[in-house]
Number of protein chains: 2
Amino acid sequence: MYEKILQKVGLKITNPRLEILKLLHQQGSHHWSAEIAHQYLVDLGVDVGIATVYRVFTQFEMLGLVKRHSFEGDRSVFELNDLEHHDHLVCVECGLVEEFVDPLIEERQLAMAQKFQFAMTDHRLVIYGVCAPCRKS
Amino acid sequence: MYEKILQKVGLKITNPRLEILKLLHQQGSHHWSAEIAHQYLVDLGVDVGIATVYRVFTQFEMLGLVKRHSFEGDRSVFELNDLEHHDHLVCVECGLVEEFVDPLIEERQLAMAQKFQFAMTDHRLVIYGVCAPCRKS
DNA sequence: CTTAATGCAAACCGTTTGCATAGAT
DNA sequence: ATCTATGCAAACGGTTTGCATTAAG
């Protein structure tokens with residue numbers, strides 16, 4: 001399955017790339033910094049260097065497999081590019097990331113780009129706040 | 001005038017702080033990276049180090065005088081915090097930054113935060129694209 | 001006179017790169 | 001057999017910090 005993905009985009013099938021693909025497809029945490037991903041793999045017993053993690057993420061990004069996000073003041077995080085664009089809610093306390101889509105916002109963004117005569121290539125909306133669990137504690 | 005601002009927030013009146021306030025209040029370019037701001041001041045003949053530029057921007061940020069933005073893949077930029085929140089259009093070719101506000105987007109963002117039970121503390125919307133002048137050349 | 005602010009250079013940290021080796025086709 | 005991918009360590013670039021000096025109140 002992951003082999004297919006690599007073949008399709010023309011990358012050689014190597015263990016680091018397979019492991020990173022697997023990690024990205026996990027449910028639960030969809031957003032991985034290079035460091036967290038590296039630690040996760042090392043804990044799994046995968047012999048991989050942080051440099052390779054960066055290289056693979058960067059390749060995947062260039063091939064459109066993942067998206068890179070630089071949330072304010074934080075290291076970069078990578079997530080699977082699911083093609084359907086979505087925006088993010090980030091908890092400033094615990095780092096929890098939620099995703100959402102709002103058609104109205106999407107529409108208005110396009111309108112704004114047109115108003116300023118920008119040919120829109122991408123857009124990023126991040127709402128920062130404190131999630132419910134963090135507010136309770 | 002700038003002295004007043006510093007006094008009001010409880011900072012000593014020093015030349016670097018005055019010069020940086022002046023620079024931030026200029027019309028035209030509203031978004032300054034530390035490096036650009038430093039170069040600008042040095043060219044003006046102001047004797048200031050890059051470390052001080054960072055320190056002043058950071059202080060101003062903590063006091064609510066400026067906002068820091070980390071546009072994707074770029075160094076941080078600082079702008080006057082005009083209290084009326086606004087969003088950004090960034091040209092991926094030349095770096096031009098335009099500002100806009102869309103009440104509908106603001107409203108929907110609040111709705112999204114509520115939907116996920118986040119106590120919103122901030123939000124950043126950046127539209128990346130190619131500006132009209134860049135498209136022509 | 002006292003304490004904060006500054007410039008300089010060194011440290012820092014996330015990320016990238018050079019290079020020799022291991023591995024995929 | 002060829003050429004790419006990898007691990008390691010060193011380099012990099014933006015940002016921060018330690019420290020001795022200067023300046024504000």
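Residues numbered from 1 in each chain as written. Chains lettered and ligands numbered in written order. Predicted model: local features only at pLDDT ≥ 70, side-chain atom pairs only at ≥ 80, totals over all residues. Heavy atoms only, no water.

Chemist: I'm lost on the overall build of chain A in this one. Help?
Modeler: On a plain count of helices and strands, chain A comes out with six helices and six strands. Listed N to C, the secondary structure of chain A is α-α-β-α-α-β-β-β-β-α-β-α in terms of helices and strands. The principal-axis extents of the C-alpha atoms in chain A amount to approximately 50 × 45 × 25 Å. Residues counted as buried form 42% of the 137 residues belonging to chain A. In chain A, the proportion of contacts linking residues at least 24 apart, taken out of those at least 6 apart, comes to 45%. Accessible surface for chain A amounts to roughly 7500 Å². Of this, 53% is attributable to carbon and sulfur atoms. (Helix = DSSP H or I, 4+ residues; strand = E, 2+ residues; numbered from the N terminus. Buried < 20%, exposed > 50% of the residue type's maximum accessible area, 1.4 Å probe, protein only. Contact = heavy atoms within 4.5 Å. Areas by Shrake-Rupley, 256 points an atom, 1.4 Å probe, with all protein chains shown as cover.)

Chemist: So what exactly am I meant to see when it comes to the protein's contact with DNA strand C here?
Modeler: In the vicinity of DNA strand C lie 16 residues, with A:Tyr54, B:Thr14, B:Arg17, B:Asp47 and B:Thr52 positioned nearest. The sugar-phosphate portion of DNA strand C accounts for 72% of its atoms within 4 Å of the protein, the bases making up the rest. Every element with two or more residues in the surface near DNA strand C is listed here: helix H4 (50–62) of chain A together with helix H2 (15–25) and helix H4 (50–62) of chain B. For the surface near DNA strand C, a count of residues per class yields six nonpolar, four polar and six charged. (Near = heavy atom within 4 Å. Nonpolar A, V, L, I, M, F, W, Y, C, P; charged D, E, K, R; others polar.)

Chemist: Where do I start with the protein's contact with DNA strand D in this structure?
Modeler: Taken together, 17 residues are adjacent to DNA strand D, and A:Thr14, A:Asp47, A:Val48, A:Thr52 and B:Tyr54 come closest. A breakdown of the atoms of DNA strand D within 4 Å of the protein gives sugar and phosphate a share of 74%. With respect to DNA strand D, the backbone of A:Val48 contributes an N or O atom lying 3.3 Å from a phosphate oxygen. A distance of 3.3 Å separates a base oxygen of DNA strand D from a polar side-chain atom of B:Arg55. Classifying every residue of the surface near DNA strand D by side-chain character gives six nonpolar, four polar and seven charged. (Polar contact = N/O pair within 3.5 Å; in protein donor to acceptor, adjacent residues only side chain to side chain.)

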